[in-house]
Amino acid sequence: MIATLEINLDNIKKNWLYLNKISSEKTQTGVVLKANAYGLGVSKVGPTLWEAGARNFFVATIEEAIELNRYIPKNRKIYVLNGYSERHKRAVDNFSIIPVLNSPKQLSSFLNFHSQKKACLQIDVGMNRLGFQERELRECQQKIKSLNLDLIIGHLSCADDTNSPSNKLALQYFRAKTANLPRIKKSISASHGIFLGKSYNLDVTRPGIALYGGIRNQGLLEVITVQLPVLQTHEMNPGEGVGYGLTYTTKTKKRVATLFGGYADGIMRNLSQKGFVHYNGEPCPILGRVSMDLITVDISHLKTTPEKLTLLGKSQTINDLADQAETITHEILTSLGTRFSKSYKN
Ligand SMILES: *Cc1c(COP(=O)(O)O)cnc(C)c1O
């Protein structure tokens, strides 16, 4: 009676090796492990990818960096994407964590405390989210030259749209703004960027979601299986309703199953009336609203009453579920299954 989330570490490793293979020879394929490896467990995913050969790790916060350092203490680089503040001083000194400097203020503060330590610099290439803007780059030129600069990064805003003209513009801008630092390693591509072509690979890539199969039709393997247990079944007569608000009413007799797993487990509420679970490849539609802990699905067409149904697996992938929920696979993964029993397959 427990919901299970199985994570296939071997397929994560294969996805990383595949991304590495399709990238330029000189490109180092990095790894983004923010938000606890997209919710899948940094303590397992981190070492798995290190064994595969990854040496450049990116996380969002200093806390995530300190945690990752426990699992991969040596022979690696850990970059903190969200920036540097004085509060990070000790971690940078003790664990050789490399902050991504996103603004003049962060640059000055970093130089104050660690004039010799390795740093990474982010340039805003059009997203207006993090990174140095053109004027700031000019004004800080001298300070940037004095940095022990390890890597310069940019981040594409439209990489999931191969036809977007802003991809090329961002790459050109990034190249122009870093032309005066030819010997420093450069990185502009997250998962989608890798598939834009080799000119976007540069020296280091930063895939996250691709490691978990979160992009369609690109030769990536599925990583996640989620099974939800049936808690109870009900026979419904025509005209009866299901769930909060009775938003679904039966027209004919139906057999429905109540499963553990609701919006508190990442089964988003907007999957109400439109999401599916599967049994041996057969889709069973979600009826009525998704509750916090439960969903009700139609099993009238099944010959048996299953003990559990599949939310994610071969017949329905994270890409399918993201489409049903009108979101992206990143949100599916990071919301999923904090209450589920997690297991790892090697
Ligand atoms: C999250 C993030 C990535 C990874 O993105 P994916 O789409 O999961 O590959 C890479 N770079 C930066 C700066 C990010 O914030």
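Residues numbered from 1 in each chain as written. Predicted model: local features only at pLDDT ≥ 70, side-chain atom pairs only at ≥ 80, totals over all residues. Heavy atoms only, no water.

Colleague: Just to check I follow, could you spell out the domain arrangement of the chain for this structure?
Modeller: When the parts of a complex come together, some accessible area is lost, and that lost area is often taken as the interface size. Its domain assignment divides the chain into domain 1 (9-212) and domain 2 (224-345). Interface area, domain 1 with domain 2, both sides summed: about 910 Å², of which 68% is carbon and sulfur. Taken together, the links from domain 1 to domain 2 amount to zero salt bridges. Counting across the interface, domain 1 meets domain 2 through three residue pairs in polar contact (both at pLDDT 80 or more). (Domains from an automatic or database assignment. Buried area = accessible area lost by both parts, 1.4 Å probe. Salt bridge = Lys/Arg side-chain N within 4 Å of Asp/Glu carboxyl O. Polar contact = N/O pair within 3.5 Å; in protein donor to acceptor, adjacent residues only side chain to side chain.)

Colleague: Is there a simple way to think about the side chain of T29 in this case?
Modeller: As for its position among the elements, T29 is in strand β2 (residues 28-29). There is a polar contact of 2.8 Å between the side chain of T29 and the side chain of N20. (Helix = DSSP H or I, 4+ residues; strand = E, 2+ residues; numbered from the N terminus.)

Colleague: What am I meant to see in the sheet that holds strand β3 (residues 31-32) here?
Modeller: By way of backbone hydrogen bonds, the strands of a sheet pair with one another, either parallel or antiparallel. With parallel pairing, seven strands are arranged side by side in an open sheet as β3-β4-β5-β6-β7-β8-β9. The strands lining the two open edges of the sheet, one partner per strand, are β3 and β9 (185-187). In terms of strand pairing, strand β5 (residues 77-80) meets strand β6 (residues 98-101) through two bridges, oriented parallel. Bridge assignment links V80 to a residue of β6, and that residue is P99. Running at roughly 165° to β5, helix α4 (residues 62-71) makes contact with β4 (56-59) and β5 of the sheet. (Pairing = 2+ DSSP bridges. Contact = heavy atoms within 4.5 Å. Axes fitted to C-alpha atoms, helices over the stretch in contact; angles between N-to-C directions.)

Colleague: Help me understand the pattern of salt bridges in this model?
Modeller: Any two side chains of opposite charge can pair if their charged atoms end up close together. Taken as a whole and assessed by the stated rule, the structure comprises 14 salt bridges. One salt bridge connects K77 with D150, and the closest N-O pair in it is separated by 2.9 Å. Placement of the pair is K77 in strand β5 and D150 in strand β8 (residues 148-153), with a sequence separation of 73 residues. Here R339 ties to D265 by a salt bridge, and the two come within 2.8 Å at their closest N and O atoms. A residue pair is termed long-range when its members are at least 10 positions apart, and R339 in the loop between α12 (329-335) and β19 (341-345) and D265 in the loop between β14 (254-260) and β15 (276-279) qualify at 74 residues.

Colleague: Which parts of the structure should I look at to understand the packing of helix α3 (residues 42-52) against α4?
Modeller: Two packed helices can be described by the angle between their axes and the distance between those axes. Closest axis-to-axis distance for the α3/α4 pair is 9 Å, and the angle between their directions is 60°. Taken together, the axes of α3 and α4 lie oblique to each other. At the point where α3 passes α4, the crossing takes the right-handed sense. The segment α3 lies against α4, with V42, S43, G46 and P47 engaging E67, L68 and Y71. (Parallel < 35°, antiparallel > 145°, perpendicular 65-115°, else oblique. Left-handed = near helix turned anticlockwise from the far one by under 90°.)

Colleague: I would appreciate a short explanation of the pairing of strand β11 (residues 224-236) in the present structure.
Modeller: If a strand is regular, its side chains alternate between the two faces of the sheet. Bridge count for strand β1 (residues 4-8) against β11 is four bridges, and the pairing is antiparallel. What sits directly across from L5, in β11, is V226. Note that β11 and strand β18 (residues 308-312) share four bridges and pair antiparallel. Within β18, the position partnered with Q227 by the bridge is T310. By the bridge criterion, six bridges tie β11 to β14 in an arrangement that is antiparallel. In the strand pairing of β14, Q232 is matched with T258.

Colleague: Looking at this structure, how should I read a nonpolar patch on the surface?
Modeller: Together, M1, L231 and L294 line one region of the surface with nonpolar side chains, adding up to about 300 Å² of accessible area. In this structure, L231 sits in strand β11. Classification of L231 as partly exposed rests on a relative accessible area of 36%. (Patch = residues over 30% accessible without salt bridge, like charges linked within 9 Å, V, L, I, M, F, W, Y side chains within 5 Å. Areas by Shrake-Rupley, 256 points an atom, 1.4 Å probe, with all protein chains shown as cover. Buried < 20%, exposed > 50% of the residue type's maximum accessible area, 1.4 Å probe, protein only.)

Colleague: Teacher, can you tell me more about the environment of G337 here?
Modeller: Its place among the elements puts G337 in the loop between α12 and β19. Between the C-alpha atom of G337 and that of L302, which follows or precedes it by 35 residues, the distance is 26 Å. Dropping the residues within four chain positions of it, G337 is found in contact with L5 and D265.

Colleague: Would you explain helix α9 (residues 165-178) in this entry?
Modeller: Structurally, the α-helix is built with 3.6 residues per turn, so residues lying three or four positions apart point the same way. With 14 residues, α9 should cover 20 Å at 1.5 Å per step; its first-to-last C-alpha distance of 20 Å lies within 8% of that length. Those residues of α9 that fall on the buried side of the exposure criterion are N167, A170, L171, F174 and T178. Along α9, the residues classed as buried sweep out an arc of 100° about the axis, all on the same side. Facing away from the buried surface of α9 by more than 90 degrees, the exposed residues are P165, K168, L169 and A176. Each element contacted by the buried residues of α9 is listed here: β8 and β9. (Expected span 1.5 Å × (residues − 1). Arc of directions from axis to C-beta.)

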